[in-house]
Amino acid sequence: MLEIKNLHVKLEEEDKIILKGVNLSIGAGQVHAIMGPNGSGKSTLSYVLAGREGYAVTEGSALLEGTELLEMEPEERAAVGLFLAFQYPVEIPGVGNMTFLRTAVNAQRKARGEDEMSAGDFLKVVRAKAKALQIDAEMMKRPVNVGFSGGEKKRNEILQMAMLEPKMCVLDETDSGLDVDAMKLVADGVNALRGAGRSFLVITHYQRLLDHIAPDVVHIMADGRIVKSGGPELALEVENNGYAGILAEVE
Ligand code: ADP
Ligand code: MG
Ligand code: MG
(Lines give C-alpha, C1' and ligand atoms only; values in the text may rest on other atoms or scores of the structure.)
(Ligands and ions follow the chains in the order given, each with its own letter.)
Protein backbone atom coordinates (compact mmCIF):
# COMPACT_ATOMS: atom_id res chain seq x y z
CA MET A 1 0.00 0.00 0.00
CA LEU A 2 2.68 2.48 1.06
CA GLU A 3 6.33 2.13 0.16
CA ILE A 4 8.74 4.74 1.48
CA LYS A 5 12.26 4.39 0.18
CA ASN A 6 15.38 6.18 1.39
CA LEU A 7 13.45 9.34 2.23
CA HIS A 8 15.64 12.35 3.02
CA VAL A 9 14.01 15.61 4.06
CA LYS A 10 15.39 18.96 5.12
CA LEU A 11 13.77 22.21 6.16
CA GLU A 12 13.24 24.34 3.09
CA GLU A 13 14.45 27.57 4.67
CA GLU A 14 17.32 26.17 6.71
CA ASP A 15 20.06 23.62 6.32
CA LYS A 16 18.58 21.41 9.00
CA ILE A 17 18.21 17.81 7.83
CA ILE A 18 15.36 16.04 9.59
CA LEU A 19 14.78 12.72 7.83
CA LYS A 20 17.95 10.82 6.97
CA GLY A 21 16.87 7.85 4.91
CA VAL A 22 13.51 6.48 6.05
CA ASN A 23 12.48 3.09 4.68
CA LEU A 24 9.01 1.81 5.43
CA SER A 25 6.75 -0.67 3.68
CA ILE A 26 3.13 -1.05 4.77
CA GLY A 27 1.08 -3.83 3.24
CA ALA A 28 -2.62 -3.53 2.35
CA GLY A 29 -4.74 -3.96 5.46
CA GLN A 30 -1.80 -3.62 7.82
CA VAL A 31 -1.50 -1.34 10.81
CA HIS A 32 1.98 -0.05 11.59
CA ALA A 33 2.96 2.09 14.57
CA ILE A 34 5.90 4.46 14.89
CA MET A 35 7.26 5.36 18.31
CA GLY A 36 10.38 7.30 19.14
CA PRO A 37 11.89 10.05 21.25
CA ASN A 38 10.77 13.64 20.83
CA GLY A 39 12.37 15.40 17.89
CA SER A 40 13.19 12.22 15.97
CA GLY A 41 11.16 13.30 12.91
CA LYS A 42 7.90 11.39 13.32
CA SER A 43 5.61 14.36 12.73
CA THR A 44 7.81 15.55 9.88
CA LEU A 45 7.30 12.19 8.17
CA SER A 46 3.51 12.57 8.36
CA TYR A 47 3.66 16.20 7.14
CA VAL A 48 5.87 15.29 4.18
CA LEU A 49 3.52 12.47 3.20
CA ALA A 50 0.59 14.89 3.28
CA GLY A 51 2.47 17.57 1.33
CA ARG A 52 2.82 20.31 3.92
CA GLU A 53 4.87 23.34 2.89
CA GLY A 54 8.26 24.14 4.37
CA TYR A 55 9.97 20.79 3.81
CA ALA A 56 12.22 19.82 0.91
CA VAL A 57 12.62 16.20 -0.17
CA THR A 58 16.26 15.83 -1.22
CA GLU A 59 16.22 12.10 -1.93
CA GLY A 60 13.90 9.11 -1.96
CA SER A 61 10.30 8.31 -2.74
CA ALA A 62 6.92 7.51 -1.23
CA LEU A 63 4.64 5.36 -3.36
CA LEU A 64 0.97 4.80 -2.67
CA GLU A 65 -0.06 1.68 -4.58
CA GLY A 66 2.87 2.35 -6.88
CA THR A 67 2.12 6.02 -7.52
CA GLU A 68 4.58 8.70 -6.38
CA LEU A 69 2.94 10.85 -3.71
CA LEU A 70 5.74 13.34 -3.25
CA GLU A 71 5.16 15.05 -6.60
CA MET A 72 1.43 15.58 -6.02
CA GLU A 73 -0.48 18.53 -4.59
CA PRO A 74 -1.98 17.82 -1.14
CA GLU A 75 -5.52 17.55 -2.58
CA GLU A 76 -4.32 15.07 -5.21
CA ARG A 77 -2.84 12.94 -2.43
CA ALA A 78 -6.20 12.98 -0.68
CA ALA A 79 -7.92 12.04 -3.93
CA VAL A 80 -5.76 8.94 -4.39
CA GLY A 81 -6.56 7.85 -0.84
CA LEU A 82 -4.19 9.42 1.68
CA PHE A 83 -5.66 10.78 4.92
CA LEU A 84 -3.77 12.61 7.64
CA ALA A 85 -5.47 12.99 11.01
CA PHE A 86 -4.28 16.07 12.81
CA GLN A 87 -3.16 15.88 16.37
CA TYR A 88 -4.90 19.15 17.17
CA PRO A 89 -7.97 19.44 14.91
CA VAL A 90 -8.57 23.00 13.71
CA GLU A 91 -11.68 24.90 14.80
CA ILE A 92 -13.55 26.57 11.92
CA PRO A 93 -16.12 29.07 13.24
CA GLY A 94 -19.03 29.75 10.89
CA VAL A 95 -18.68 26.51 8.92
CA GLY A 96 -21.11 23.79 9.89
CA ASN A 97 -19.67 20.34 10.39
CA MET A 98 -22.08 18.82 7.87
CA THR A 99 -21.19 21.43 5.21
CA PHE A 100 -17.51 20.88 5.84
CA LEU A 101 -17.78 17.11 5.44
CA ARG A 102 -19.91 17.39 2.32
CA THR A 103 -17.46 19.85 0.76
CA ALA A 104 -14.55 17.53 1.54
CA VAL A 105 -16.30 14.47 0.15
CA ASN A 106 -17.36 16.26 -3.03
CA ALA A 107 -13.93 17.82 -3.58
CA GLN A 108 -12.47 14.33 -3.39
CA ARG A 109 -15.06 12.96 -5.80
CA LYS A 110 -14.41 15.81 -8.21
CA ALA A 111 -10.65 15.18 -8.10
CA ARG A 112 -11.41 11.55 -8.96
CA GLY A 113 -13.62 12.59 -11.87
CA GLU A 114 -16.77 11.36 -10.10
CA ASP A 115 -20.14 13.12 -9.80
CA GLU A 116 -21.01 15.06 -6.67
CA MET A 117 -23.03 13.21 -4.08
CA SER A 118 -26.56 14.60 -3.85
CA ALA A 119 -27.61 16.26 -0.60
CA GLY A 120 -30.00 13.41 0.09
CA ASP A 121 -27.46 10.66 -0.51
CA PHE A 122 -24.86 12.47 1.52
CA LEU A 123 -27.23 12.80 4.46
CA LYS A 124 -27.99 9.08 4.38
CA VAL A 125 -24.33 8.10 4.32
CA VAL A 126 -23.23 10.57 6.98
CA ARG A 127 -26.06 9.57 9.32
CA ALA A 128 -25.24 5.89 8.98
CA LYS A 129 -21.53 6.44 9.57
CA ALA A 130 -22.10 8.85 12.47
CA LYS A 131 -24.40 6.31 14.09
CA ALA A 132 -21.89 3.50 13.66
CA LEU A 133 -19.28 5.66 15.39
CA GLN A 134 -21.77 6.72 18.10
CA ILE A 135 -21.62 10.36 17.06
CA ASP A 136 -24.46 12.56 18.21
CA ALA A 137 -26.55 14.04 15.37
CA GLU A 138 -26.45 17.36 17.22
CA MET A 139 -22.67 17.49 16.80
CA MET A 140 -23.15 17.49 13.04
CA LYS A 141 -24.97 20.82 13.14
CA ARG A 142 -22.32 22.69 15.09
CA PRO A 143 -19.45 24.64 13.51
CA VAL A 144 -16.42 22.42 12.84
CA ASN A 145 -14.74 21.54 16.14
CA VAL A 146 -15.80 24.84 17.79
CA GLY A 147 -16.28 24.21 21.48
CA PHE A 148 -15.92 20.47 20.95
CA SER A 149 -14.38 18.55 23.83
CA GLY A 150 -11.15 16.68 23.18
CA GLY A 151 -13.15 13.47 22.81
CA GLU A 152 -15.63 15.05 20.40
CA LYS A 153 -12.80 16.36 18.24
CA LYS A 154 -11.33 12.88 18.10
CA ARG A 155 -14.70 11.39 17.16
CA ASN A 156 -15.12 14.03 14.48
CA GLU A 157 -11.69 13.24 13.08
CA ILE A 158 -12.61 9.56 12.87
CA LEU A 159 -15.88 10.49 11.16
CA GLN A 160 -13.97 12.54 8.55
CA MET A 161 -11.80 9.50 7.98
CA ALA A 162 -14.87 7.25 7.65
CA MET A 163 -16.52 9.62 5.15
CA LEU A 164 -13.45 9.98 2.93
CA GLU A 165 -12.82 6.22 2.91
CA PRO A 166 -9.04 6.59 2.55
CA LYS A 167 -6.71 3.74 1.66
CA MET A 168 -3.83 4.97 3.77
CA CYS A 169 -4.54 6.69 7.08
CA VAL A 170 -1.77 8.47 8.95
CA LEU A 171 -2.53 9.43 12.55
CA ASP A 172 -0.06 11.53 14.48
CA GLU A 173 -0.88 11.29 18.16
CA THR A 174 2.57 12.13 19.44
CA ASP A 175 2.48 14.65 22.20
CA SER A 176 0.70 14.42 25.52
CA GLY A 177 -2.91 15.40 25.94
CA LEU A 178 -4.69 12.22 24.99
CA ASP A 179 -6.51 10.91 28.04
CA VAL A 180 -7.48 7.26 28.39
CA ASP A 181 -10.99 7.82 27.03
CA ALA A 182 -9.78 9.73 23.97
CA MET A 183 -7.19 7.03 23.38
CA LYS A 184 -9.93 4.40 23.45
CA LEU A 185 -11.97 6.47 20.97
CA VAL A 186 -9.09 6.66 18.53
CA ALA A 187 -8.40 2.95 18.91
CA ASP A 188 -12.06 1.99 18.46
CA GLY A 189 -12.26 4.25 15.39
CA VAL A 190 -9.19 2.70 13.84
CA ASN A 191 -10.43 -0.80 14.59
CA ALA A 192 -13.88 -0.04 13.15
CA LEU A 193 -12.34 1.20 9.89
CA ARG A 194 -9.74 -1.51 9.61
CA GLY A 195 -10.12 -3.66 6.53
CA ALA A 196 -8.35 -5.46 3.70
CA GLY A 197 -8.12 -2.37 1.48
CA ARG A 198 -7.10 0.13 4.13
CA SER A 199 -3.80 0.57 5.96
CA PHE A 200 -2.83 2.68 8.95
CA LEU A 201 0.30 4.38 10.19
CA VAL A 202 -0.19 5.36 13.83
CA ILE A 203 2.41 7.63 15.38
CA THR A 204 2.24 7.55 19.14
CA HIS A 205 4.03 7.80 22.45
CA TYR A 206 1.48 5.63 24.14
CA GLN A 207 1.94 1.93 24.49
CA ARG A 208 -1.60 1.89 25.86
CA LEU A 209 -3.02 3.12 22.54
CA LEU A 210 -1.27 0.21 20.88
CA ASP A 211 -2.77 -2.17 23.46
CA HIS A 212 -6.19 -1.32 22.02
CA ILE A 213 -5.09 -1.20 18.39
CA ALA A 214 -2.72 -4.18 18.30
CA PRO A 215 -0.54 -3.10 15.36
CA ASP A 216 1.00 -5.62 12.99
CA VAL A 217 4.40 -3.91 13.11
CA VAL A 218 6.00 -1.42 15.51
CA HIS A 219 8.88 0.80 14.38
CA ILE A 220 11.21 2.88 16.49
CA MET A 221 12.37 6.14 14.93
CA ALA A 222 15.40 8.03 16.17
CA ASP A 223 17.34 10.90 14.64
CA GLY A 224 15.54 10.78 11.31
CA ARG A 225 15.69 7.04 10.71
CA ILE A 226 13.77 3.91 11.58
CA VAL A 227 16.29 2.13 13.77
CA LYS A 228 14.34 -0.93 14.82
CA SER A 229 11.17 -2.75 13.77
CA GLY A 230 9.34 -5.59 15.42
CA GLY A 231 6.00 -6.82 16.72
CA PRO A 232 3.81 -5.32 19.45
CA GLU A 233 6.36 -6.53 22.03
CA LEU A 234 8.61 -3.66 20.92
CA ALA A 235 6.04 -1.17 22.26
CA LEU A 236 6.02 -3.01 25.58
CA GLU A 237 9.79 -2.86 25.71
CA VAL A 238 9.59 0.92 25.27
CA GLU A 239 6.95 1.19 27.97
CA ASN A 240 9.03 -0.81 30.42
CA ASN A 241 12.55 0.38 29.65
CA GLY A 242 12.23 3.62 27.69
CA TYR A 243 14.14 4.27 24.49
CA ALA A 244 17.62 4.26 25.99
CA GLY A 245 18.08 0.49 25.91
CA ILE A 246 16.92 0.13 22.31
CA LEU A 247 19.03 3.07 21.12
CA ALA A 248 22.16 1.75 22.85
CA GLU A 249 21.56 -1.66 21.29
CA VAL A 250 21.23 -0.35 17.72
CA GLU A 251 24.25 1.86 18.14
P1 ADP B 1 8.79 14.32 16.48
O2 ADP B 1 7.42 14.37 15.90
O3 ADP B 1 9.43 12.97 16.37
O4 ADP B 1 8.83 14.84 17.87
P5 ADP B 1 9.40 16.41 14.58
O6 ADP B 1 9.20 15.85 13.23
O7 ADP B 1 8.33 17.26 15.14
O8 ADP B 1 9.75 15.23 15.59
O9 ADP B 1 10.75 17.25 14.58
C10 ADP B 1 12.00 16.71 14.18
C11 ADP B 1 13.07 17.78 14.29
O12 ADP B 1 12.89 18.75 13.29
C13 ADP B 1 13.03 18.54 15.61
O14 ADP B 1 14.36 18.85 15.95
C15 ADP B 1 12.24 19.77 15.26
O16 ADP B 1 12.58 20.84 16.09
C17 ADP B 1 12.67 20.02 13.83
N18 ADP B 1 11.63 20.68 13.02
C19 ADP B 1 10.57 20.08 12.43
N20 ADP B 1 9.84 20.96 11.73
C21 ADP B 1 10.43 22.15 11.90
C22 ADP B 1 10.18 23.49 11.42
N23 ADP B 1 9.14 23.74 10.63
N24 ADP B 1 11.04 24.47 11.79
C25 ADP B 1 12.11 24.21 12.58
N26 ADP B 1 12.41 22.98 13.05
C27 ADP B 1 11.60 21.98 12.72
MG1 MG C 1 7.42 16.03 19.16
MG1 MG D 1 5.59 14.91 16.66
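As a starting point, this report considers the structure included with it. Keep in mind it's a predicted model, so treat the numbers as computed, not measured.

### Section: the environment of glycine 36
Next up, step 1: Looking at the element boundaries, glycine 36 is found in the loop between strand E3 (31–35) and helix H1 (42–50).
Next up, step 2: The class of glycine 36 is buried, set by 26 C-beta atoms lying within 10 Å.
Next up, step 3: Along the primary structure glycine 36 and lysine 228 are separated by 192 residues, whereas in three dimensions their C-alpha atoms are 10 Å apart.
Next up, step 4: Setting aside residues no more than four positions away along its own chain, glycine 36 makes contact with Lys42, Ile220, Met221 and Ala222.

### Some words on the packing of helix H3 (residues 97–111) against helix H6 (residues 150–164)
Next up, step 1: H6 packs onto H3 with a crossing angle of 30° between their chain directions and a minimal axis gap of 10 Å. In this structure, H3 crosses over H6, and the sense of that crossing is right-handed. Contacts between H3 and H6 involve Asn97, Leu101, Ala104, Val105 and Gln108 on the former and, on the latter, Asn156, Gln160, Met163 and Leu164.
Next up, step 2: In terms of residue class, the contact of H3 with H6 is made up of 5 nonpolar, 4 polar and no charged.

### Description of the site of ligand 1
Next up, step 1: Near ligand 1 you find 12 residues, and of these Gly39, Ser40, Lys42, Ser43 and Thr44 are the closest.
Next up, step 2: The biggest single contributor to the shell around ligand 1 is H1, with 3 residues.
Next up, step 3: Here the residues of the shell around ligand 1 sort into 2 nonpolar, 9 polar and 1 charged.

### A look at the sheet that holds strand E5 (residues 67–68)
Next up, step 1: A sheet is described by the order of its strands in space; here 4 strands give the open sequence E2-E1-E4-E5, paired in antiparallel fashion. Edge positions in the sheet fall to strand E2 (17–26) and E5, since each of these pairs with one other strand and no more.
Next up, step 2: In this fold H1 packs onto strand E1 (2–11), E2 and strand E4 (55–64), with an angle of close to 70° to the strand it touches most, E4.

Thresholds, definitions, all that
- Residues numbered from 1 in each chain as written.
- Chains lettered and ligands numbered in written order.
- Predicted model: local features only at pLDDT ≥ 70, side-chain atom pairs only at ≥ 80, totals over all residues.
- Helix = DSSP H or I, 4+ residues; strand = E, 2+ residues; numbered from the N terminus.
- Buried ≥ 20, exposed ≤ 12 C-beta atoms within 10 Å, placed from the backbone.
- Contact = placed C-beta atoms within 7 Å.
- Axes fitted to C-alpha atoms, helices over the stretch in contact; angles between N-to-C directions.
- Left-handed = near helix turned anticlockwise from the far one by under 90°.
- Nonpolar A, V, L, I, M, F, W, Y, C, P; charged D, E, K, R; others polar.
- Near = placed C-beta within 6 Å.
- Pairing = 2+ DSSP bridges.

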